[in-house]
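Listed below are the residues making up each chain.
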Amino acid sequence: MRIDIISIFPEYFTPLEVSLVGKARERGILDIRLHQLRDWTHDVHKTVDDTPYGGGPGMVMKPEVWGEAIDAVIAQGGPEGAGLPRMIVPTPSGRPFTQRVALEYAREPWLLFTPARYEGIDARVVDEYRSRLRVDEVSIGDYVLAGGEAAVLVIVETVARLLPGVIGNAQSVADDSFAPGPMENLLEGPVYTKPPVWRGHPVPEILLSGHHARIARWRRDQALRRTFEMRPDLIARLDPESLDERDREV
Ligand SMILES: CN1CCN(Cc2ccc(Cn3ccc4ccc(-c5n[nH]c(N)c5C#N)cc43)cc2)CC1
């Protein structure tokens, strides 16, 4: 997978050089390229923003600069056969970014991220590229960031761990909370490791029993309880067909 990121803060993406994403890049699973938006300005101050039409607080990012930057990245061409990139625009007014959306993105050969700052990008940029590319305006949550870079970090890491070969244990990804399937809309229950007793706190006996069916049942009970306690909104989304008799007793 090829990922291009255009930003006025390319240094914000240093975390993509380490850990899971960094290793995926070293192994050639991910090709991430960073671009400094200001490289497409033409004034001495490298201006990327201006006052909003219609008044109001803050500044808006100029369409000309973004247009030249996006055109240049597209012109570089992507992976063989990839065609044009899917453009992802983080915004507080976007559609929710979910695990389901991440799974969709993980199947794409080429993603182009355009994280903005200030009050966002002139709306004509999205209008322009919707006529040429698939453009997704997405939000990572109902809170307000100062810009889109943190959202890109979240999205890239979420997508990277879904790519074949990135996570050693593919089953772990398949068992993810929120992944489509039996765990969709269920939170993970508690996890434990050695020692069997720590400061007087024992590991639940069932986990030491070696009885896999009972352990699986206990883990599902814990997931249902945790979901009920922490995210009752998700319980409402559970498909009643996916619940067995025992689930209904939890
Ligand atoms: C007067 N009012 C008029 C409405 N604005 C709304 C507003 C506009 C921009 C910004 C800052 N910002 C700039 C680019 C950018 C991208 C993503 C996100 C973002 N925030 N939260 C998420 N889940 C995000 C994601 N993904 C924030 C961004 C903050 C708030 C406030 C002032």
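Draft legend 1. Expanded view of the overall build of the chain. Helices and strands together make up the secondary structure of the chain, namely nine helices and nine strands. Projected onto its principal axes, the C-alpha coordinates of the chain cover approximately 70 × 40 × 40 Å. Counting contacts in the chain only where the partners sit at least 6 residues apart, residues at least 24 apart contribute 73% of the total. When the accessible area of the chain is evaluated, it comes to approximately 14500 Å², of which 54% is carbon and sulfur surface. The chain carries 30 positive and 38 negative side-chain charges, and their two centres are separated by 6 Å.

Draft legend 2. Geometry of the nonpolar core. Core analysis: the largest hydrophobic core is formed by 29 residues, its most contacted members being I3, L30, Y105 and F113. For this core, the secondary-structure elements that each account for two or more residues are β1 (2-7), α1 (19-26), α3 (99-105), β6 (110-113) and α5 (149-160). Here this core takes six residues from α5, the largest share from any one element. Apart from residues no more than four positions distant in its own chain, F113 is found in contact with I3, D4, I5, I6, I88, V152, I155 and V156. V65, A69, V73 and V135 belong to the second largest nonpolar core, which has 23 residues in total.

Draft legend 3. Spatial organisation of the site of the ligand. Close to the ligand lie 19 residues; P90, S139, G141, Y143 and L145 are nearest. Within the side chain of S139, an N or O atom sits 3.1 Å from a nitrogen atom of the ligand. In isolation the ligand offers 660 Å² of accessible surface; the protein chains occlude 74% of this area. Elements supplying a minimum of two residues to the shell around the ligand: β5 (86-96) and β7 (134-139).

Draft legend 4. Representation of α5. Taking 1.5 Å per residue, 12 residues should reach 16 Å; α5 reaches 16 Å between its end C-alpha atoms and fits that length. Burial analysis of α5 places nine of its 12 residues in the buried class, the great majority of the element. Turning to α5, its buried residues number three or more, namely E149, A151, V152, L153, I155, V156, T158, V159 and A160.

Draft legend 5. Summary view of the pattern of salt bridges. What the rule picks out here adds up to 14 salt bridges. When the shortest N-O distance is used, the salt bridge between R117 and E149 registers 2.7 Å. Taken as a pair, R117 in the loop between β6 and α4 (123-130) and E149 in helix α5 lie far apart in primary sequence, 32 residues in all. There is no split in this pair, since R117 and E149 are both buried. Note that R124 is salt-bridged to D122, the shortest N-O span being 2.6 Å.

Draft legend 6. Inspection of the sheet that holds β5 at higher detail. Here five strands make up an open sheet; going across it, the order is β2-β1-β6-β5-β7 and the pairing parallel. Edge positions in the sheet fall to β2 (31-36) and β7, since each of these pairs with one other strand and no more. Each neighbouring strand pair of the sheet contributes to a mean axis angle of 30°, computed without reference to strand direction. On top of the sheet, α4 reaches β5 and β7; it is set at about 140° to β7, its chief contact.

Draft legend 7. Quick peek at the packing of helix α2 (residues 63-75) against α4. In contact at an axis separation of 9 Å, α2 and α4 are set at 30° when each is read in the N-to-C sense. Between α2 and α4, the angle falls in the class roughly parallel. Seen along the crossing, α2 lies across α4 with a hand that is right-handed. Residues P63, W66, G67, I70, D71 and I74 of α2 lie in contact with α4, whose contacting residues are R124, V125 and Y129. Tallied by class, residues from the contact of α2 with α4 come to six nonpolar, one polar and two charged.

Draft legend 8. Region of interest: the confidence of the model for the chain. Chain-level statistics for the chain give a pLDDT mean of 94 and a share of 98% at 70 or above. For this predicted complex, the interface score ipTM comes out at 0.97, alongside a pTM of 0.94.

Draft legend 9. Region of interest: the environment of L16. Checked against the element boundaries, L16 lands in the loop between β1 and α1. Along the chain, L16 and V156 lie 140 residues apart, while their C-alpha atoms are 8.4 Å from each other. If sequence neighbours within four positions are ignored, L16 has contacts with I5, V21, G22, R25, I32, L153 and V156.

Draft legend 10. Up close: the domain arrangement of the chain. Partitioning the chain into structural domains gives domain 1 (2-160) and domain 2 (175-249). Centre-to-centre, using C-alpha coordinates, domain 1 lies 36 Å away from domain 2.

Reading guide: rules and limits
- Residues numbered from 1 in each chain as written.
- Predicted model: local features only at pLDDT ≥ 70, side-chain atom pairs only at ≥ 80, totals over all residues.
- Heavy atoms only, no water.
- Helix = DSSP H or I, 4+ residues; strand = E, 2+ residues; numbered from the N terminus.
- Contact = heavy atoms within 4.5 Å.
- Areas by Shrake-Rupley, 256 points an atom, 1.4 Å probe, with all protein chains shown as cover.
- Lys, Arg positive; Asp, Glu negative; His and termini not counted.
- Charge placed at Lys NZ, Arg CZ, Asp CG, Glu CD.
- Core = buried A, V, L, I, M, F, W, Y, C linked by side-chain atoms within 4.5 Å.
- Buried < 20%, exposed > 50% of the residue type's maximum accessible area, 1.4 Å probe, protein only.
- Near = heavy atom within 4 Å.
- Polar contact = N/O pair within 3.5 Å; in protein donor to acceptor, adjacent residues only side chain to side chain.
- Expected span 1.5 Å × (residues − 1).
- Salt bridge = Lys/Arg side-chain N within 4 Å of Asp/Glu carboxyl O.
- Pairing = 2+ DSSP bridges.
- Axes fitted to C-alpha atoms, helices over the stretch in contact; angles between N-to-C directions.
- Parallel < 35°, antiparallel > 145°, perpendicular 65-115°, else oblique.
- Left-handed = near helix turned anticlockwise from the far one by under 90°.
- Nonpolar A, V, L, I, M, F, W, Y, C, P; charged D, E, K, R; others polar.
- pLDDT = per-residue confidence, 0-100.
- Domains from an automatic or database assignment.

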